[in-house]
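# Structural overview for review
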Amino acid sequence: MTMTSPILEKYWQTPHSPGVYRMLDAKGKTIYVGKAKDLKKRLSSYFIKKTNHDAKTAALLEMINDFEIIITSSGHEAFILESNLIKEYNPKYNVILKDGKNYPLLRIDMNETYPAIQRVRKIKNDKALYFGPYSSSRSVNKTLKQIQKIFKLRQCKNTQFKNRSRPCLNYQIKACLGLCCNDISSVEYKKQVRDAILFLKGRSKQVVTKLKIQMMDYSSSREYEKAAEIRDTVFAIENILEKQVVVSQDLKDRDIIAFAAKKGRAVIIVMAVRSGYLIDTAYYPFDLGFKEPDEILSAFLEQYYKNTEFLPSFIMINQEIENKVYLEHLFAEKKGKKVRIHIPVRGEKKRLVEMAHVNASRELGKRLQKEEEERASIMMLKELLGMERLPLKIECFDNSNLSGQDPVSSMVVFKDGRAFKNGYRRFIIRDLDFQDDYAYMYQVLERRFSKDPSEMAYPDLLVVDGGKGQLSMAVAVLKDLNIENSFMVAGLAKKNKAKGEQFDKIYIPGRSNPLKIGQSKKALYLLQQVRDEAHRFAITFQRKRREKRAGFSVLDTIPGIGPKKKKVLLKHFKGIGKMKTASIKEIALLPGMNKTLAEALNHTLNRNG
Ligand code: SF4
């Protein structure tokens, strides 16, 4: 945000009244809507007070070009107006939970004959069942693994399912019944799927009771093999249940949600209790930005339950929120039955909320400590490199190739000492069909830093993987582009164990010897993290390119598929991945193709699972 005087003038004229404000960008688009009991006081946090904000708040501040206010007669009126304006403008910065794309969900469509369980990122209006959102890939994967182990639902895509001639690895590891090739009736399979759904809803005890009855039926009809299979499933579920803690004696479903805030940061914990068992705990971190804690909590509740399939009848929270009645009404509409949001004042429920709050506070403490350590490393790095400003944004480049083939380069970005994946870039080296790391690096740095800084801002520090040679080459590029004084450059070279070197070496321009690390190990560690991430990113990209090439060459091994048909296939599917999962019918319909060729292609591409 540029503090132009018209904005400041407007700010000084703002009254100390309740109301709603809209922040506008340079194009006049509403990017944030907020309410305040005292508009002037609230706006002072935007325009007057300067605090250390996180990346999202800093980005909002950067974009604000103007603001509008509407004065209301009460805080309640401001609340209603704020809700309406958020609905109307859908402002980017009002979304506190990263949208559904970023939180994984599990999806099961019972309308399919053989429903699959899939990881998805968005809820579609398609009558399928969605479970989650899960707070991380790790937690969704853990659940998926349990489902596979116990219920053996298929996970493959529909096209793959239709075209398989042999079961895939999931069948070998007993994580799928091999529905694609084995004769299993849809009715039988759907029984398993229903049990899996109950399990996902936290009704594991109900599943166990059902299964035990089935097991006894099989035993009495002397179908011992089937009874034994069910017994194993029961054991697996009971094993999971044993690890879950009983937190409530009344066996009701409830979510316990607590909020903890400190130093401008906040953590919300969601503890999901189903039938008395604590089945999941998830933490959601936030920057308070300019919001009051109760605003964060109510915005969280609204956005969180918009993305969940299951809404419990009781939601316990640890602090008052202004729009409780509105949210209860909204949730009741979704659930089709009353939903109560409350702060328990005594007994077991109060204890549960307090426990949730302790955990949220502990998590927040851990995160704050980590932030402080990251900050300390950044300051240390500034001192070590003799920089004038803090290296808040670091970029690092690395190359990867296989004996000169498919050379690529990666660029990773660290902001505030942490990987900033949205800033990562990949480069395919152009027109250099020989192995030359310096030439690759020159090309990539030149391509990167030719970009106008208004399009892609310069870093505070550029790190290259390597010693004096690589560093000189990087400096040469910056000189050629006339930007050698725009930011700091450093080279990080591996230690030479044979020479007894203890640490990796940091080189900076104008010094022939590496810097003395001394007490600045944390600074070195930060640089190593950045370099290793660039290395990992480059290697992954190179591997993908290699696999793609290998995939393309597989086409050459199929009799009847020559250059023309290969071109048609690659143009249509834009890669081997989609070709592999396409149906035989779809392939056969392409120009020059027929059923026999399509079958041969499908078989060749899928024969290795
Ligand atoms: S075994 Fe068959 S049905 Fe099961 S996941 Fe693999 S391809 Fe799909």
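Structure first, text after, so check above.
In this report, the structure presented in the accompanying data block is examined. Please read these numbers as outputs of a predicted model, since none were measured by experiment. (Residues numbered from 1 in each chain as written. Predicted model: local features only at pLDDT ≥ 70, side-chain atom pairs only at ≥ 80, totals over all residues. Heavy atoms only, no water.)

### Comments concerning helix 11 (residues 293-306)
Taking 1.5 Å of rise per residue, the 14 residues of helix 11 would be expected to cover 20 Å, and the 20 Å separating its terminal C-alpha atoms lies within 8% of that figure. Across the 14 residues that make up helix 11, a large majority, eleven, are buried. Every buried residue belonging to helix 11 is among D294, E295, I296, L297, S298, A299, F300, L301, Q303, Y304 and Y305, and all of these are buried. (Helix = DSSP H or I, 4+ residues; strand = E, 2+ residues; numbered from the N terminus. Expected span 1.5 Å × (residues − 1). Buried < 20%, exposed > 50% of the residue type's maximum accessible area, 1.4 Å probe, protein only.)

### Points about the packing of helix 8 (residues 186-200) against helix 9 (residues 204-220)
Here helix 8 crosses helix 9 at 150°, and the two axes come no closer than 7 Å. Note on element contacts: helix 9 touches helix 8 through S204, Q206, V207, K210 and L211, opposite D195, L198 and F199. Here the residues of the contact of helix 8 with helix 9 sort into four nonpolar, two polar and two charged. (Axes fitted to C-alpha atoms, helices over the stretch in contact; angles between N-to-C directions. Contact = heavy atoms within 4.5 Å. Nonpolar A, V, L, I, M, F, W, Y, C, P; charged D, E, K, R; others polar.)

### Let's talk about the pattern of salt bridges
The final tally for this structure, using the stated rule, is 27 salt bridges. Across the salt bridge formed by K366 and E363, the nearest N and O atoms sit 3.5 Å from each other. Highlighted residues: K366 and E363, both in helix 13 (residues 347-385), separated by three residues, approximately one helical turn. What makes E363 buried here is its relative accessible area of 11%. Taking the shortest distance from any N to any O, the salt bridge between K382 and E383 comes out at 3.9 Å. According to the relative accessible area criterion, E383 is exposed, its value standing at 59%. Bridged by salt links that share partners, the residues R107, D109 and D126 form one connected network. (Salt bridge = Lys/Arg side-chain N within 4 Å of Asp/Glu carboxyl O.)

### Notes on a positive patch on the surface
There is a patch of like positive charges on the surface, built from K157, K567, K571, K574 and K578. When you line up the elements, K571 lands in helix 17 (residues 563-573). Judged by relative accessible area, which is 67%, K571 ranks as exposed. (Patch = residues over 30% accessible without salt bridge, like charges linked within 9 Å, V, L, I, M, F, W, Y side chains within 5 Å. Areas by Shrake-Rupley, 256 points an atom, 1.4 Å probe, with all protein chains shown as cover. Lys, Arg positive; Asp, Glu negative; His and termini not counted. Charge placed at Lys NZ, Arg CZ, Asp CG, Glu CD.)

### A look at the pairing of strand 18 (residues 488-493)
Counting buried positions along strand 18 gives six out of six residues, so the element sits mostly inside the fold. Residues M488, A490 and L492 line one face of strand 18 and the alternating positions V489, G491 and A493 line the opposite face, and both faces are buried. Across five bridges, strand 17 (residues 461-465) lies against strand 18 in parallel orientation. Bridge assignment links V463 to a residue of strand 18, and that residue is A490. For the handedness criterion, the β-α-β arrangement of strand 17, helix 15 (residues 468-480) and strand 18 is classed as right-handed. Pairing between strand 18 and strand 19 (residues 505-507): three bridges, direction antiparallel. Its bridge partner lying in strand 19, A493 is registered against K505. (Pairing = 2+ DSSP bridges. Right-handed = clockwise from strand over helix to strand, strands pointing away.)

### Quick word on the sheet that holds strand 4 (residues 105-108)
Two modes of strand pairing occur in sheets, parallel and antiparallel, and in both the strands are linked by backbone hydrogen bonds. Read across the open sheet, the three strands follow the order 5-4-6; overall the sheet is antiparallel. Taken across any chain shown, the strands that pair with only one partner, and hence form the sheet edges, are strand 5 (117-120) and strand 6 (129-131). In this sheet, adjacent strand axes meet at a mean angle of 30° when their direction is disregarded. Across four bridges, strand 4 lies against strand 5 in antiparallel orientation. Within strand 5, the residue paired with R107 across the bridge is Q118. In the packing of helix 5 (residues 137-151) onto the sheet, contacts are made with strand 4 and strand 5, and the angle to strand 5 comes to roughly 175°. Relative to strand 4, helix 8 is tilted by about 150°, and along the sheet it contacts strand 4, strand 5 and strand 6.

### Some remarks on the site of the ligand
Inspection of the region around the ligand gives 13 residues, with C156, R164, C168, C176 and C180 positioned closest. Judged by the fraction of its atoms near the pocket grid, the ligand is located in the largest cavity. Within the shell around the ligand, the residues separate by chemical class into eight nonpolar, three polar and two charged. (Near = heavy atom within 4 Å. 1 Å grid on protein atoms, 1.4 Å probe; cavity = no way out; pocket = protein on both sides within 12 Å on 5 of 7 lines; lining within 4 Å. Sits in = over half its atoms within 2 Å of the grid points.)

### Comments concerning the packing of aromatic side chains
Summed over all chains, the structure comprises 18 aromatic pairs. Consider the rings of Y114 and Y189, whose centres lie 5.8 Å apart with planes at 45°: the pair is tilted. One end of the pair, Y114, is in the loop between strand 4 and strand 5; the other, Y189, is in helix 8, and 75 residues separate them in sequence. For the pair Y284 and Y304, a centre-to-centre distance of 5.8 Å together with 70° between the ring planes defines the contact as edge-to-face. Of this pair, Y284 sits in strand 10 (residues 277-287) while Y304 sits in helix 11; the two residues are 20 residues apart in sequence, bridging distant segments of the chain. Per residue, the accessibility class of Y284 equals that of Y304, and both read buried. Taken together, the ring pairs connect Y284, F286, F300, Y304, Y305 and F331 into an aromatic cluster. One cation-aromatic arrangement involves K40 over Y11; the distance from NZ or CZ to the ring centre is 5.5 Å. Geometry around F161 places R154 over its ring, the cationic atom sitting 4.2 Å from the centre. (Phe/Tyr/Trp six-rings, centres within 6.5 Å; stacked < 30°, edge-to-face > 60°. Lys NZ or Arg CZ within 6 Å of the ring centre and 35° of its normal.)

### Examining the sheet that holds strand 3 (residues 66-71)
Read across the sheet, three strands follow the order 2-1-3 without closing on themselves; strand pairing throughout is antiparallel. The open sheet is flanked by strand 2 (30-36) and strand 3, the only strands paired with a single partner. Sheet twist, expressed as the mean angle between neighbouring strand axes with direction ignored, is 20°. Two elements, strand 1 (residues 19-24) and strand 3, share six bridges in a ladder whose sense is antiparallel. Within strand 3, the position partnered with G19 by the bridge is I71.

### Concerning empty space enclosed by the protein
In the structure shown here, the tally under the stated rule is one cavity of 30 Å³ or more. When its volume is computed, the largest cavity comes out at roughly 100 Å³. Contributions of two or more residues to the lining of the largest cavity are made by helix 6 (158-163) and helix 7 (169-172). Per-class residue counts for the lining of the largest cavity are eight nonpolar, four polar and two charged. (Points joined across faces, edges and corners; volume = space filled by probe spheres on them.)

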